[in-house]
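Chain and residue survey
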Amino acid sequence: MTAQSPLIEASSPHVMNTYGRLPIALSHGQGCRVWDVNGKSYLDALGGIAVNTLGHNHPKLVPALQDQISKIIHSCNYYHVPNQEVLAKKLVELSGMTNVFFCSTGLEANEAALKLARKFGHDKGIERPEVVVYEKAFHGRSIATLSATGNPKVQAGFGPLVEGFIRVPINSLESLKAATDGNPNVVAVFFEAIQGEGGINPMHLDYLREVRALCNERDWLMMIDEVQCGMGRTGKWFAHQWAGIVPDVMPLAKGLGSGVPVGAVVAGPKAAHIFQPGNHGTTFGGNPLAMRAGVETIRIMEEEGLLDNAANVGAHLSQALADALAAELARGAVREIRGQGLMIGVELAKPCGALVQQCADHGLLISVTADTVIRLVPPLIFTKQDADEVVSILSPLIQQLLQA
Ligand SMILES: *Cc1c(COP(=O)(O)O)cnc(C)c1O
């Protein structure tokens, strides 16, 4: 390696300044470990924000992708892409739904869901369809998805927002009913089964069942954004499956391609045939490289039992954190440790953004979201030893911060 100053390699003066980045540039990874351009190693408890399902340089994924790249990377949707059918059939089997539209990102999947909801309304004569969305929700940063998002910081400066959204608090059937009773224009309820960016806030299983029943009763689409909490992270393929329900529309992305951009909207019978030729499309969606990544990711997850691993290691990590932070939990300085499987939030009683750099200094990658919530969404190959290492680095830093 040439002798370059780390500050030069970890800065990007010609890239738009849209992220508050750490002064770190990663060069390569192996399993749950990554190295920066200066050779420092980190345990990866962020997984590229719940993206690197199989960790880094997975010995089965990499050769499969190399094989695919040498054959064809992109064709286009004027032609059939055989692995679209393979991946769609698999997602349909895993979800109990019926049809899939492929795209490349989370916001794109959510845009498609919102278009489905509006056309669902128009098809039954509703001229101005409205969609119920939630406080603290995050659905992406396009104009429509940022309008659906329940975070004023994401929306600031980008008005006028898209109309046709009704916002309610999570886990309150009463509020949902109060906000919609007597409104004939409601067509869908749209939410994350576990809110990610909003601070790892789970929808209660009872609430999911109640909303399912209400959607049936009122002929609304139940649309569950599983972009972050889906694809095995919670120990089931999709987080809503803990409630034993099936949604009508389910956007996916993040972990679906284990690092290759793959998005999808999975639909059940009520929504599967709303789009007709010409209604929707995207150039990159479902391309051969993306589809191979999706097919292989799921195949490897099944072969390696990664759902069980996410459940077991996640439970171990949550418990170990609760043990290490028992005193802080008791006195309320750590408010709560919550989540499911390998989607864990540790909420402190004060802002903790400084922990991100401090953890990195100690060789651990995490994130902080909603100002006060430490977010752990590591690769699903995470081991109990990895979990113990997280606790041994993170909990003393939390304790230090709380004392400051
Ligand atoms: C990340 C995320 C999105 C947006 O995905 P992008 O790929 O960044 O567009 C949407 N919904 C949820 C729940 C997410 O976590």
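- The name an unreviewed UniProt entry assigns to the protein is Acetylornithine aminotransferase, from the organism Rhodoferax lithotrophicus.
- Per its UniProt entry, the protein bears the Pathway (unreviewed entry) comment "Amino-acid biosynthesis; L-arginine biosynthesis; N(2)-acetyl-L-ornithine from L-glutamate: step 4/4."

1. Some points on the packing of helix α3 (residues 61-71) against helix α10 (residues 288-303)
- The geometry of α3 relative to α10 is characterised by a closest axis approach of 10 Å and an angle of 155 degrees between their N-to-C directions. As judged from the angle between their axes, α3 and α10 are roughly antiparallel. The way α3 lies across α10 gives a crossing that is right-handed. Where α3 approaches α10, its residues Leu61, Ala64, Leu65, Asp67, Gln68 and Ile69 are matched on the opposing element by Pro288, Leu289, Arg292, Ala293, Glu296, Thr297 and Ile300.
- Taken together, the residues of the contact of α3 with α10 break down into eight nonpolar, two polar and three charged.

2. Regarding the packing of aromatic side chains
- With the rule as written, the count across this model stands at three aromatic pairs.
- Centroid distance Tyr78 to Tyr79: 6.4 Å. Interplanar angle 80 degrees. Geometry classified as edge-to-face.
- We classify Tyr79 as exposed; its relative accessible area is 55%.
- Here the aromatic rings of Tyr134 and Tyr207 are separated by 6.4 Å at their centres, their planes lie at 85 degrees, and the arrangement is edge-to-face. Taken together, the residues span a long stretch of sequence, with Tyr134 in strand β5 (residues 130-134) and Tyr207 in helix α9 (residues 205-218) at a distance of 73 residues.
- Residue classification places Tyr207 among the buried residues on the basis of a relative accessible area of 2%.
- Taken together, Tyr134, Phe191 and Tyr207 form an aromatic cluster joined through their ring pairs.
- The residue whose ring lies beneath Lys40 is Tyr42, and the NZ or CZ to ring-centre distance is 5.4 Å.
- Over the ring of Trp242 we find Lys236, and its NZ or CZ is 4.7 Å from the ring centre.

3. Comments concerning helix α4 (residues 82-95)
- Its 14 residues place the ends of α4 20 Å apart at the C-alpha level, agreeing with the 20 Å of an ideal helix rising 1.5 Å per residue.
- For α4, the set of buried residues is Leu87, Ala88, Leu91, Val92, Leu94 and Ser95. The buried residues of α4 occupy one face: seen down the axis, they fall within an arc of 165 degrees. Exposed and oriented more than 90 degrees from the buried face of α4 are Pro82 and Glu85.
- Contact partners of the buried residues in α4: β4 (99-103), β11 (249-252), β12 (263-267) and α10.

4. As for the sheet that holds strand β16 (residues 367-369)
- Strand order in the open sheet formed by four strands is β13-β14-β17-β16, and the pairing between neighbours is antiparallel. Of all the strands in the sheet, the pair left with one neighbour each is β13 (334-340) and β16. Strand after strand, the sheet turns through a mean of 25 degrees between neighbouring axes, direction not considered.
- Summarising the sheet, β13 and strand β14 (residues 343-348) pair through six bridges and their orientation is antiparallel. The residue of β14 that forms the bridge with Arg338 is Gly345.

5. Things to note about the site of the ligand
- By nearness alone, every residue bordering the ligand is listed as Thr105, Gly106, Leu107, Asn110, Phe138, His139, Gly140, Glu192, Asp225, Val227, Gln228 and Lys254.
- Contact between the ligand and Leu107: an oxygen atom at 2.8 Å from a main-chain N or O atom of the residue.
- Measuring from a nitrogen atom of the ligand, one finds a side-chain N or O atom of Asp225 at 2.8 Å.
- Coverage of the ligand by the protein amounts to 82% of the 380 Å² it exposes when considered alone.
- For the shell around the ligand, the element with the most residues is helix α5 (residues 106-123), which contributes three residues.
- In the shell around the ligand, the residues fall into three nonpolar, six polar and three charged.

6. Details of the UniProt feature "binding site: pyridoxal 5'-phosphate" (unreviewed entry) in the protein
- The UniProt entry lists Phe138, Asp225, Glu226, Val227, Gln228 and Thr283 under the feature "binding site: pyridoxal 5'-phosphate" (unreviewed entry), expressed in the numbering used here. On the basis of their most widely separated C-alpha atoms, the annotated residues across 146 residues do not gather in one place, lying as much as 24.7 Å apart.
- Positionally, Asp225 belongs in strand β10 (residues 221-225).
- When its relative accessible area of 4% is taken as the criterion, Asp225 is described as buried.
- A distance of 3.0 Å separates a polar atom in the side chain of Asp225 from a polar atom in the side chain of Asn110.

Parameters at a glance
Residues numbered from 1 in each chain as written. Predicted model: local features only at pLDDT ≥ 70, side-chain atom pairs only at ≥ 80, totals over all residues. Heavy atoms only, no water. UniProt positions renumbered as here; feature names shortened; annotations may be inferred. Axes fitted to C-alpha atoms, helices over the stretch in contact; angles between N-to-C directions. Helix = DSSP H or I, 4+ residues; strand = E, 2+ residues; numbered from the N terminus. Parallel < 35°, antiparallel > 145°, perpendicular 65-115°, else oblique. Left-handed = near helix turned anticlockwise from the far one by under 90°. Contact = heavy atoms within 4.5 Å. Nonpolar A, V, L, I, M, F, W, Y, C, P; charged D, E, K, R; others polar. Phe/Tyr/Trp six-rings, centres within 6.5 Å; stacked < 30°, edge-to-face > 60°. Buried < 20%, exposed > 50% of the residue type's maximum accessible area, 1.4 Å probe, protein only. Lys NZ or Arg CZ within 6 Å of the ring centre and 35° of its normal. Expected span 1.5 Å × (residues − 1). Arc of directions from axis to C-beta. Pairing = 2+ DSSP bridges. Near = heavy atom within 4 Å. Polar contact = N/O pair within 3.5 Å; in protein donor to acceptor, adjacent residues only side chain to side chain. Areas by Shrake-Rupley, 256 points an atom, 1.4 Å probe, with all protein chains shown as cover.

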